[in-house]
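Structural overview
For reference, the chains in residue letters:
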Amino acid sequence: MRLILHAGFHKTGTSSIQNFLYQNKPTLSAEFRVLMRPKIKALCDCACGFSVNRNPLDQGLFLSEAAQALSALDPADPRPVVISAEDLSGHTPGRHRLLSYAAAPALMQMLVQVADECLPGAELTFLFTTRDPESWLRSSYAQSLRATRQRLGWAAYFATLSPHADFGPVLDEIQPAVAPHHVFTAALEDSQTHPLGPATALLDLMQPSDALRAALVPVSPQNRKLPDPVLDALLQLNRSDLPKDEMRCRKADLITQALG
């Protein structure tokens with residue numbers, strides 16, 4: 001069995017890739033089994049929990065959920081399995097007191113361990129999408145302003161996370177952690193010239209037939225950029241003493257007006 005895991009990282013075109021997989025799922029299903037976060041939510045939640053606490057309980061929960069998810073795959077089905085879920089690498093740095101993807105090598109190693117037990121002989125291939133450090137930081141900062149009560153201004157956020165914005169060191173740890181399986185990377189910037197965008201790198205690893213690939217439909221980019229004045233307004237709302245529900249409503253209104 002071939003198992004292709006796109007396991008990270010956040011804010012590197014992952015939403016666009018998953019939207020592409022979702023929109024093209026009826027076509028892809030002829031040759032592939034596709035799983036994303038809704039199908040493996042408990043596993044993703046456990047990965048995020050482990051990334052924060054790194055304790056034996058969270059490790060056990062992750063291993064248990066991984067075993068359930070992988071054991072549910074029918075080994076008699078010849079179609080390769082494609083899993084795309086960036087939460088498998090843990091929470092996004094900048095949240096829950098996390099500064100980096102330091103838990104990702106251990107999480108990938110546990111996935112290999114469970115796959116070896118549940119799917120003997122399975123061929124695992126890992127894909128990690130990456131992004132230029134400053135571009136990633138700006139996107140991560142904007143998302144944290146939208147989705148959390150992030151109170152740091154850009155300068156403070158940059159100073160805190162910039163030492164960890166280069167994914168190279170963690171990728172260097174992931175490769176030996178999953179050996180002899182292979183790890184591939186794809187920079188978001190390199191996908192801009194491809195008609196199918198960030199999904200191109202994943203498709204190259206999937207190796208669909210020429211006929212199926214020709215039938216795939218491109219999708220629009222996800223998570224459009226918010227103007228700086230809107231980011232400033234979101235920051236002020238996060239720093240306010242508004243109740244959570246009212247703050248969320250005001251933020252949603254701001255974002256809707258900005259994006260149309």
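Below or above, wherever it landed, is the structure these notes cover. (Residues numbered from 1 in each chain as written. Predicted model: local features only at pLDDT ≥ 70, side-chain atom pairs only at ≥ 80, totals over all residues. Heavy atoms only, no water.)

Quick look at the overall build of the protein
- Of regular secondary structure, the protein possesses 12 helices and five strands.
- The C-alpha atoms of the protein give 19 Å as radius of gyration, which agrees with the globular expectation for 260 residues (18 Å, within 12%).
- Projected onto its principal axes, the C-alpha coordinates of the protein cover approximately 55 × 45 × 30 Å.
- With 260 residues in all, the protein has 47% of them scored as buried.
- Partitioning the intrachain contacts of the protein with sequence separation of at least 6 by distance along the chain shows that 78% fall at a separation of at least 24.
- For the protein, the accessible surface area stands at approximately 12,700 Å², while carbon and sulfur atoms represent 53% of it. (Helix = DSSP H or I, 4+ residues; strand = E, 2+ residues; numbered from the N terminus. Rg over C-alpha atoms; globule rule 2.2 N^0.38 Å. Buried < 20%, exposed > 50% of the residue type's maximum accessible area, 1.4 Å probe, protein only. Contact = heavy atoms within 4.5 Å. Areas by Shrake-Rupley, 256 points an atom, 1.4 Å probe, with all protein chains shown as cover.)

Details of the pattern of salt bridges
- Overall, the coordinates contain eight salt bridges when judged by the stated rule.
- Notably, a salt bridge pairs Asp87 with Arg37, separated by 2.8 Å at the nearest N-O pair. Taken together, the residues span a long stretch of sequence, with Asp87 in the loop between β3 (81-84) and α5 (104-118) and Arg37 in the loop between β2 (33-36) and α3 (41-53) at a distance of 50 residues.
- With a relative accessible area of 28%, Arg37 lands in the partly exposed category. (Salt bridge = Lys/Arg side-chain N within 4 Å of Asp/Glu carboxyl O.)

Some thoughts on the nonpolar core
- One finds Leu88, Met108, Phe126, Phe128 and Ile174 to be the most contacted residues of the largest nonpolar core, which totals 55 residues.
- Here this core gets eight residues from one element, more than from any other, and that element is α5.
- The contacts of Met108, once residues within four sequence positions are left out, are Ala7, Leu88, Ser89, Phe126, Phe128, Ile174 and Val178.
- In this structure, Leu28, Ala199, Met206 and Leu212 belong to the second largest nonpolar core, which totals 20 residues. (Core = buried A, V, L, I, M, F, W, Y, C linked by side-chain atoms within 4.5 Å.)

What to know about unusual backbone geometry
- Residue Phe9 is reached from Gly8 by a cis peptide bond, and omega for that bond is 0°.
- Among the secondary structure elements, Phe9 is positioned in the loop between β1 (2-6) and α1 (14-23).
- Residue Ala179 is joined to Pro180 through a cis peptide bond whose omega torsion reads 10°.
- Relative to the elements of secondary structure, Pro180 occurs in the loop between α8 (168-178) and β5 (182-187).
- Residue His96 is not a glycine yet carries a positive backbone phi of 55°.
- Its place among the elements puts His96 in the loop between β3 and α5.

Regarding empty space enclosed by the protein
- The final tally for this structure, using the stated rule, is one cavity of 30 Å³ or more.
- In this structure, the largest cavity occupies an estimated 30 Å³ of space.
- Lining the largest cavity are Leu5, Ile40, Leu43, Leu70, Ile83, Leu88 and Leu111.
- Classifying every residue of the lining of the largest cavity by side-chain character gives seven nonpolar, no polar and no charged. (1 Å grid on protein atoms, 1.4 Å probe; cavity = no way out; pocket = protein on both sides within 12 Å on 5 of 7 lines; lining within 4 Å. Points joined across faces, edges and corners; volume = space filled by probe spheres on them. Nonpolar A, V, L, I, M, F, W, Y, C, P; charged D, E, K, R; others polar.)

A closer look at the pairing of strand β4 (residues 123-130)
- Across the eight residues of β4, seven count as buried, placing the element largely inside the fold.
- By the bridge criterion, five bridges tie β1 to β4 in an arrangement that is parallel. Its bridge partner lying in β4, Ile4 is registered against Thr125.
- Looking at chain direction, β4 and β5 are connected through six bridges and run parallel. Bridging across to β5, Thr130 finds its partner in Ala187. (Pairing = 2+ DSSP bridges.)

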